[in-house]
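Understanding the architecture of this molecule
Now for the letters of each chain:
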Amino acid sequence: MTLKELLQSVDSEQYSNSLLFQKLIETKPEYGTSRHIQVTEVDGNIIVSGVHVGSLGDILTYSIDVDPNLNVSKTQLLDAILKELSADGFTAPEQEDFWNDFNDLQKAKIIR
């Protein structure tokens, strides 16, 4: 399952207050890639890696590899991925400014 498929498989009403979720849902997948998002558990915590964002369109095509010993729902999985992507601690306006700047190609060159 890709991140785009996961986003489409959950109840979007649960994420009506998530700016990142809304931005990801609205983004068109781009080039496709062989990268993977890895999800494991360490000391009872869900650990997400491989979510370095080259562009929002690219990350939507990443396959999600969940440790077979980890028993999580799609909602828990998406929550963990969104938390990792959002750099927990940004306010909603800060996130909106960041993603708007990130999607502006001229500014994205400076950010990258």
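See the structure above.
To start, this report covers the structure provided alongside it. Note that the coordinates shown come from a computational prediction; the quantities given were computed from them, not determined experimentally.

1. Overview of the overall build of the protein chain
For the protein chain, the helix and strand inventory stands at 6 helices and 3 strands. Moving toward the C terminus, one meets the helices and strands of the protein chain in the order α-α-β-β-α-β-α-α-α. The long-range fraction of contacts in the protein chain, counting pairs at least 24 apart against all pairs at least 6 apart in sequence, stands at 72%. Working note: accessible area of the protein chain is about 7000 Å², and carbon and sulfur atoms make up 46% of it.

2. Thoughts on the nonpolar core
The biggest cluster of nonpolar side chains holds 24 residues, and the ones touching the most others in it are Leu3, Leu24, Ile37, Leu78 and Ile81. For this core, the elements supplying multiple residues, two or more each, are helix 1 (3-9), helix 2 (19-26), strand 1 (36-42), helix 3 (56-59) and helix 4 (74-85). Per-element accounting of this core gives the leading share, 6 residues, to helix 4. The residues contacting Ile81, other than those within four sequence positions of it, are Leu3, Leu6, Ile37, Val48 and Ile64.

3. As for the sheet that holds strand 2 (residues 45-49)
Across the sheet, 3 strands lie side by side as 2-1-3; this open sheet has mixed pairing. Edge positions in the sheet fall to strand 2 and strand 3 (63-66), since each has one partner strand and no second. In this sheet, neighbouring strand axes are inclined to one another by 20° on average, regardless of whether the strands run parallel or antiparallel. Taken together, the 4 bridges between strand 1 and strand 3 define a ladder with parallel strand orientation. Looking at the pairing, Val39 lines up with Val66 of strand 3. Sitting on the sheet, helix 4 touches strand 1, strand 2 and strand 3, and the angle it makes with strand 2 is about 60°.

4. So, helix 4
For helix 4, which comprises 12 residues, the first-to-last C-alpha distance of 16 Å matches the rise-based estimate of 16 Å (1.5 Å per residue) to within 8%. By the burial criterion, the buried members of helix 4 are Leu77, Leu78, Ala80, Ile81, Leu82 and Leu85.

5. Thoughts on unusual backbone geometry
Glycine aside, the phi torsion of most residues is negative, and most peptide linkages are trans. The phi dihedral of Asp43 falls on the positive side, at around 50°, and the residue is not glycine. Mapped onto the elements of the fold, Asp43 is located in the loop between strand 1 and strand 2. A residue is classified by how much of its surface remains accessible, and Asp43, at 76% relative accessible area, is exposed.

Cut-offs applied
- Residues numbered from 1 in each chain as written.
- Predicted model: local features only at pLDDT ≥ 70, side-chain atom pairs only at ≥ 80, totals over all residues.
- Heavy atoms only, no water.
- Helix = DSSP H or I, 4+ residues; strand = E, 2+ residues; numbered from the N terminus.
- Contact = heavy atoms within 4.5 Å.
- Areas by Shrake-Rupley, 256 points an atom, 1.4 Å probe, with all protein chains shown as cover.
- Core = buried A, V, L, I, M, F, W, Y, C linked by side-chain atoms within 4.5 Å.
- Buried < 20%, exposed > 50% of the residue type's maximum accessible area, 1.4 Å probe, protein only.
- Pairing = 2+ DSSP bridges.
- Axes fitted to C-alpha atoms, helices over the stretch in contact; angles between N-to-C directions.
- Expected span 1.5 Å × (residues − 1).

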